[in-house]
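Each chain, written out:
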Amino acid sequence: MLSNVCFGFRNVLSKKISQSVSADVIDCFLCLSVTSTIFCVPVWFLTDVIAGRWMWDEIGQMPFELYSSFLFNSVVAIMGHWAYNQASFSFLFVSGPITHSVANAGRRLFLIIIALLYFSHTVSGRAGCGVLLTLGGVCVYSYSIANPKPRESNSKDIPQNV
C-alpha cells in the first residue's frame, strides 16, 4: 500500500517538475534516482551493513561459481529495474499521472494472472474478487477516456445581458 502511495506521489511530483522546469525525461529520472539513492543509503547501511554482518561473512565463504552467479543475477536485476523505470518515466511524460497509474495497475494485474497460471496456484474468492475489481477499474477508466461525456451547460449559470 505504501508503494502505491509513494509511486503515485512520485508520478505527480515528476510531472509537475517537468512542466515547471522544462526538464526532459532523462533529467527528471536522474534527479529522482539520485535523490532516492541518497535517502535509501542510510536505510541500507542500517539494515544490511550493521544488522546483517553475518550475511557478509557467508558471502565471503561462498564458492566462486555461486558468487559469480549471484553477482550476475544482481546485475541483471539492476539493469531490468532501471529499464522498467526509464520506460515508466517515458510513458509518464507522454501521458498524465492518472493514466500512468491505471496502466501500472493493469501491468500488476497482468503479472498476477501470469504468475497464477505459471505457478498453478489456486485463487481464493477474496483474491479473485480483488483481481476482478482491479480489472473492472482499469476497464471503466479506459472506457471513460475513450468515450468522454460532453458536459452539459446549465442556462442558469450563464449570465445574460439584458
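The shown structure was predicted, so the numbers you read here are calculated from the model rather than taken from an experiment.

(A) Structural context of the overall build of the protein chain. The helix and strand inventory of the protein chain stands at six helices and zero strands. Along the protein chain, helices and strands appear, N-terminal first, in the series α-α-α-α-α-α. With 162 residues in all, the protein chain has 16% of them scored as buried. Partitioning the contacts of the protein chain with sequence separation of at least 6, the portion at a separation of at least 24 is 66%.

(B) Region of interest: the confidence of the model for the protein chain. Mean pLDDT over the protein chain: 76, with 80% of residues reaching 70 or higher. Model confidence for the protein chain, summarised as mean pLDDT per element, is weakest for helix α3 (residues 53-60) at 65 and strongest for helix α6 (residues 125-146) at 84.

(C) Fine view of a nonpolar patch on the surface. Together, Phe64, Tyr67, Phe70, Leu71, Val75, Ile78, Met79 and Trp82 make up an exposed nonpolar region whose accessible area comes to about 850 Å². Here tryptophan 82 shows up in helix α4 (residues 64-94).

(D) Local environment of the environment of isoleucine 145. Tracing the backbone through its elements, the reader meets isoleucine 145 in helix α6. You can call isoleucine 145 exposed: its relative accessible area is 53%. In the structure, isoleucine 145 is positioned 46 residues away from threonine 99 in sequence and 9.2 Å away in space, judged by C-alpha atoms.

(E) Inspection of the nonpolar core at higher detail. Counting six residues, the largest nonpolar core is built from Val25, Cys28, Phe29, Leu32, Phe89 and Phe93. Mapped by element, the contributors of at least two residues to this core are α2 (25-50) and α4. The biggest single contributor to this core is α2, with four residues. Beyond its immediate stretch of four places on either side in the chain, leucine 32 contacts Arg10, Leu13, Ser14 and Phe89.

(F) Summary view of the packing of α4 against helix α5 (residues 97-119). Closest axis-to-axis distance for the α4/α5 pair is 9 Å, and the angle between their directions is 140°. Here α5 runs oblique to α4, going by the angle between their axes. Contacts between α4 and α5 involve Tyr84, Ser88, Phe91 and Leu92 on the former and, on the latter, Pro97, Thr99, His100, Ala103, Asn104 and Arg107. For the contact of α4 with α5, the residue count by class is five nonpolar, four polar and one charged.

(G) The arrangement of α5 in detail. Relative to the 33 Å expected for 23 residues at 1.5 Å per residue, α5 spans 33 Å between its end C-alpha atoms, a close match to the ideal helical length. The set of residues buried in α5 consists of His100, Val102, Asn104 and Leu109. Two residues or fewer after α5 comes serine 120, characterised by a positive phi angle close to 50°.

(H) Region of the structure containing unusual backbone geometry. Backbone geometry at serine 120 places phi at a positive 50°, although glycine is not the residue there. Tracing the backbone shows serine 120 in the loop between α5 and α6. Serine 120 sits in the exposed class, given a relative accessible area of 60%.

(I) Quick peek at the side chain of glutamine 86. Here glutamine 86 shows up in helix α4. Once you skip the residues sitting within four places of it in the chain, glutamine 86 turns out to touch Val25, Ile26 and Phe29.

(J) Focus on the side chain of serine 88. Inspection of the secondary structure puts serine 88 in helix α4. Judged by relative accessible area, which is 8%, serine 88 ranks as buried. The residues touching serine 88, leaving out its near neighbours within four places in the chain, are Arg10 and His100.

Definitions and limits used
- Residues numbered from 1 in each chain as written.
- Predicted model: local features only at pLDDT ≥ 70, side-chain atom pairs only at ≥ 80, totals over all residues.
- Heavy atoms only, no water.
- Helix = DSSP H or I, 4+ residues; strand = E, 2+ residues; numbered from the N terminus.
- Buried < 20%, exposed > 50% of the residue type's maximum accessible area, 1.4 Å probe, protein only.
- Contact = heavy atoms within 4.5 Å.
- pLDDT = per-residue confidence, 0-100.
- Patch = residues over 30% accessible without salt bridge, like charges linked within 9 Å, V, L, I, M, F, W, Y side chains within 5 Å.
- Areas by Shrake-Rupley, 256 points an atom, 1.4 Å probe, with all protein chains shown as cover.
- Salt bridge = Lys/Arg side-chain N within 4 Å of Asp/Glu carboxyl O.
- Core = buried A, V, L, I, M, F, W, Y, C linked by side-chain atoms within 4.5 Å.
- Axes fitted to C-alpha atoms, helices over the stretch in contact; angles between N-to-C directions.
- Parallel < 35°, antiparallel > 145°, perpendicular 65-115°, else oblique.
- Nonpolar A, V, L, I, M, F, W, Y, C, P; charged D, E, K, R; others polar.
- Expected span 1.5 Å × (residues − 1).

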